[in-house]
Amino acid sequence: MIEAAGLTKFYGTHPAIQDVSFRVSEGEVVAFLGPNGAGKSTTMRILTGYMPATEGTARIAGFDVTEESLEARRHVGYMPEHIALYPEMRVTEYLLYCGKLEALETKKLFERLEYVLEACSLQERADSIIATLSLGYRQRVGLAQALLHDPAVLILDEPTIGLDPIQIVEVRGLVKKLAGKHTILLSTHILPEAQQSCERVLIMNHGRIIAEGAPDKLTTQVRQAESYRVRVARPSSEVADRLRQVPDVLNVQSGPDGAYGVDTRIGSDPRAELSRTVVQMGWSLLEISPLELTLEDVFQALTMRKESAA
């Protein structure tokens, strides 16, 4: 549904992105991750026809975004990071105006208007002047506009920026509800957000895609040890020393509240031996549980690895 092949964009002599290639299948939800300046927004602008690529091609629903720009745009809803709204308009007035620009028939337009107002929790602000809305509500208006013409593809650049925690949860729920009905590509700086909302992630750094895959596969790719949290009632330096003697344990780090981070060899499961050791030493075992890498851990590991290799 989304295809990018060898996308490259120069600003003068500076390459914003280089040789970016990926595919997003129909109904898939994929996250773009990367630091500021990595090239995420530039890639999204090319995909939506907002700007041309210097080299490479991109297709939306089978249509070339350069050669068949109008057809490609009919199939995509775009929510940019900085939303250009008409502040003097009321919310409903603005959305009706956008629907007419999309050439929606009157009946279809009002059906979609009702849907997006509900989906984006804008019913209570439907008659509000946009200039009076908070940043969070303006984000919702931008998302409603992107959804209005019922596009096959949604491209969302930082859709939760400026939202409070409750609003972020609402947007996350909306994205999950839209999954399957729409193909979604979104960028975010909130790494746990991508982990909870997306089936696959693309990680960019310095204008290139450095890794892609499901979050759990990327975790496996960078994992160098199995990790466990062991917590005892009365911590002491002796606990860490004794845990280091357990077979397959590579490292033990002391933490707060009697917690110890225990790294073991890949493929090992020393929980039984760790438990036995704690009990035999007469300490009270309060917890022993595996620790999972987060997307933030994965992102940091991959970007540091690439930069050190360079």
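First, a word on what this report is: a plain description of the structure on this page. (Residues numbered from 1 in each chain as written. Predicted model: local features only at pLDDT ≥ 70, side-chain atom pairs only at ≥ 80, totals over all residues. Heavy atoms only, no water.)

## A closer look at the nonpolar core
Soluble globular proteins tend to pack their nonpolar side chains together in the buried interior.
Line of reasoning, step 1. One finds Tyr-94, Leu-95, Leu-147 and Ile-184 to be the most contacted residues of the largest nonpolar core, which totals 46 residues.
Line of reasoning, step 2. Ranked by residue count, the leading element in this core is helix 5 (residues 135-147), at six residues. (Core = buried A, V, L, I, M, F, W, Y, C linked by side-chain atoms within 4.5 Å. Buried < 20%, exposed > 50% of the residue type's maximum accessible area, 1.4 Å probe, protein only. Helix = DSSP H or I, 4+ residues; strand = E, 2+ residues; numbered from the N terminus.)

## Overview of the sheet that holds strand 9 (residues 200-205)
Line of reasoning, step 1. Within the open sheet, the six strands sit side by side as 6-7-8-3-9-10. Their pairing is mixed. In this open sheet, the two edge strands, each paired with only one partner strand, are strand 6 (76-79) and strand 10 (208-213). Strand-to-strand twist in this sheet, taken as the mean axis angle between neighbours without regard to direction, amounts to 15°.
Line of reasoning, step 2. Sheet topology note: the strand 7 (residues 153-157)/strand 8 (residues 183-187) ladder contains five bridges and is parallel. Its bridge partner lying in strand 8, Ile-155 is registered against Leu-185. (Pairing = 2+ DSSP bridges. Axes fitted to C-alpha atoms, helices over the stretch in contact; angles between N-to-C directions.)

## Topic: the packing of aromatic side chains
Line of reasoning, step 1. Under the defined criterion, the tally for this structure stands at three aromatic pairs.
Line of reasoning, step 2. Here the aromatic rings of Phe-22 and Phe-32 are separated by 5.5 Å at their centres, their planes lie at 80°, and the arrangement is edge-to-face. Of this pair, Phe-22 sits in strand 2 (residues 14-24) while Phe-32 sits in strand 3 (residues 29-33), and the two are 10 residues apart along the sequence. Phe-32 matches Phe-22 in its accessibility class, with the two residues each being buried.
Line of reasoning, step 3. An angle of 55° between the planes, with centres 6.2 Å apart, marks the rings of Tyr-86 and Tyr-94 as tilted.
Line of reasoning, step 4. In this structure Tyr-94 comes out as buried when scored by relative accessible area, which is 5%.
Line of reasoning, step 5. Members of the aromatic cluster, joined through ring pairs, are Tyr-86, Tyr-94 and Tyr-97.
Line of reasoning, step 6. Between the NZ or CZ atom of Arg-125 and the centre of the ring of Tyr-137, over which it lies, the distance is 4.5 Å.
Line of reasoning, step 7. The ring of Tyr-137 has Arg-140 lying over it, and the distance from NZ or CZ to the ring centre is 4.4 Å. (Phe/Tyr/Trp six-rings, centres within 6.5 Å; stacked < 30°, edge-to-face > 60°. Lys NZ or Arg CZ within 6 Å of the ring centre and 35° of its normal.)

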